[in-house]
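# Residue-level structural notes
The chain contents come next:
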Amino acid sequence: GQQLNQSPQSMFIQEGEDVSMNCTSSSIFNTWLWYKQDPGEGPVLLIALYKAGELTSNGRLTAQFGITRKDSFLNISASIPSDVGIYFCAGFLNAGNNRKLIWGLGTSLAVNP
Amino acid sequence: DTEVTQTPKHLVMGMTNKKSLKCEQHMGHRAMYWYKQKAKKPPELMFVYSYEKLSINESVPSRFSPECPNSSLLNLHLHALQPEDSALYLCASSPVVGYQETQYFGPGTRLLVL
């Protein structure tokens, strides 16, 4: 099935560093969602984006809906150990009677205290 | 409140067993979903219910049988599963189906088929 290109695949950083990850597609999306998943748990919604150019923050997290509607990024500032987990981007394609979320393959984040 | 609950948290079953997974939400959402997730992979959509009616079945084998008794509850009945069906099963809900509707996930049921 169709997937988003999410990068990087994994990151290992020092506590206090800033983190940036992104998702790109060759298709236009009308929604971008960013989730964080801890091992053995369900994905937790971090940020939802609905308009091209939209920039939204949630605490130390900031995400943007790209102007071209084909990409989105998530930044985490001043990382802490509890930021460890897998971050997924997901979105709805701007096409037809679309009712399925399209998912990136995830970015695995490790934080060294 | 954006909580979706799932029971049980863990389930071990043999290939001849019948079991059920349960999901509940009290957010007034009219769309509910079942996903299957393998380790380190994104969730894969299985079923979508919209206004208590099955609207999407992603060609899921008949050994998985979904049921939506009312707008708050979603069940997944399991019968004659295979070891490769072992995975994290996630339930999600959204206000309605599709277009710009954010999905909220439950904690999942970790299923092991022996």
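What the rule picks out here adds up to 10 aromatic pairs over all chains. For the pair Phe64 of chain B and Tyr89 of chain B, a centre-to-centre distance of 5.8 Å together with 35° between the ring planes defines the contact as tilted. Highlighted residues: Phe64 of chain B in strand β7 (residues 64-70) and Tyr89 of chain B in strand β9 (residues 87-94), separated in sequence by 25 residues. For Tyr89 of chain B, a relative accessible area of 0% puts it in the buried group. Within the aromatic cluster, the residues linked to one another by ring pairs are Tyr35, Phe88 and Trp103 of chain A together with Tyr33, Tyr35 and Phe105 of chain B.

All names here are of chain A. With respect to the helices and strands, the residue Thr107 is situated in strand β11 (residues 107-112). Residue class for Thr107 comes out buried when judged on its relative accessible area of 0%. Engagement of the side chain of Thr107 in a polar contact is seen with the side chain of Gln6, the distance being 3.2 Å. Among the polar contacts made by the side chain of Thr107, one reaches the main-chain carbonyl oxygen of Pro8 at a distance of 2.6 Å. If we ignore the near neighbours within four places in the chain, the residues touching Thr107 are Gln6, Ser7, Pro8, Gln9, Met11, Met21, Gly85, Ile86 and Tyr87.

What follows concerns the interface of chain B and chain A. Tallying the contact residues gives 25 residues for chain B and 24 residues for chain A. Interface area for chain B against chain A, summed over the two sides, is near 1,900 Å², with a carbon-plus-sulfur share of 58%. Our count for the chain B to chain A interface comes out at two salt bridges. Ionic pairing is found between Lys100 of chain A and Glu58 of chain B, a salt bridge with its closest N-O pair at 3.1 Å. Where the side of chain B that touches chain A is concerned, the elements lending two or more residues are β4 (31-37), β6 (53-57), β9 and β10 (104-105) of chain B. The residue makeup of the side of chain B that touches chain A, split by class, is 12 nonpolar, seven polar and six charged.

With that out of the way, let us pick up the pattern of salt bridges. Opposite charge on two side chains permits them to pair, given that their charged atoms come into close proximity. Throughout the structure, instances matching the rule amount to six salt bridges over all chains. Glu41 of chain A is paired through a salt bridge with Lys9 of chain B; the nearest N and O atoms lie 3.1 Å apart. Linking Glu41 of chain A in the loop between β4 (29-37) and β5 (44-49) with Lys9 of chain B in the loop between β1 (4-7) and β2 (10-13), this pair reaches from one chain into another. Residue class for Glu41 of chain A comes out partly exposed when judged on its relative accessible area of 33%. Since its relative accessible area comes to 32%, Lys9 of chain B is described here as partly exposed.

Let us now look at the sheet that holds strand β1 (residues 5-7) of chain A. Residues and elements named next belong to chain A. Pairing is antiparallel across the open sheet formed by five strands, whose spatial order is β1-β3-β8-β7-β6. At either margin of the open sheet sits one strand with a lone partner, and together these are β1 and β6 (55-58). Shown here is a sheet whose adjacent strand axes are inclined to one another by a mean of 15°, direction ignored. As paired elements, strand β3 (residues 19-24) and strand β8 (residues 71-76) share six bridges and run antiparallel to each other. Of the residues in β8, the one forming a bridge with Val19 is Ile76.

Here is what the cut-offs are and how they apply
Residues numbered from 1 in each chain as written. Chains lettered and ligands numbered in written order. Predicted model: local features only at pLDDT ≥ 70, side-chain atom pairs only at ≥ 80, totals over all residues. Heavy atoms only, no water. Phe/Tyr/Trp six-rings, centres within 6.5 Å; stacked < 30°, edge-to-face > 60°. Helix = DSSP H or I, 4+ residues; strand = E, 2+ residues; numbered from the N terminus. Buried < 20%, exposed > 50% of the residue type's maximum accessible area, 1.4 Å probe, protein only. Polar contact = N/O pair within 3.5 Å; in protein donor to acceptor, adjacent residues only side chain to side chain. Contact = heavy atoms within 4.5 Å. Buried area = accessible area lost by both parts, 1.4 Å probe. Salt bridge = Lys/Arg side-chain N within 4 Å of Asp/Glu carboxyl O. Nonpolar A, V, L, I, M, F, W, Y, C, P; charged D, E, K, R; others polar. Pairing = 2+ DSSP bridges. Axes fitted to C-alpha atoms, helices over the stretch in contact; angles between N-to-C directions.

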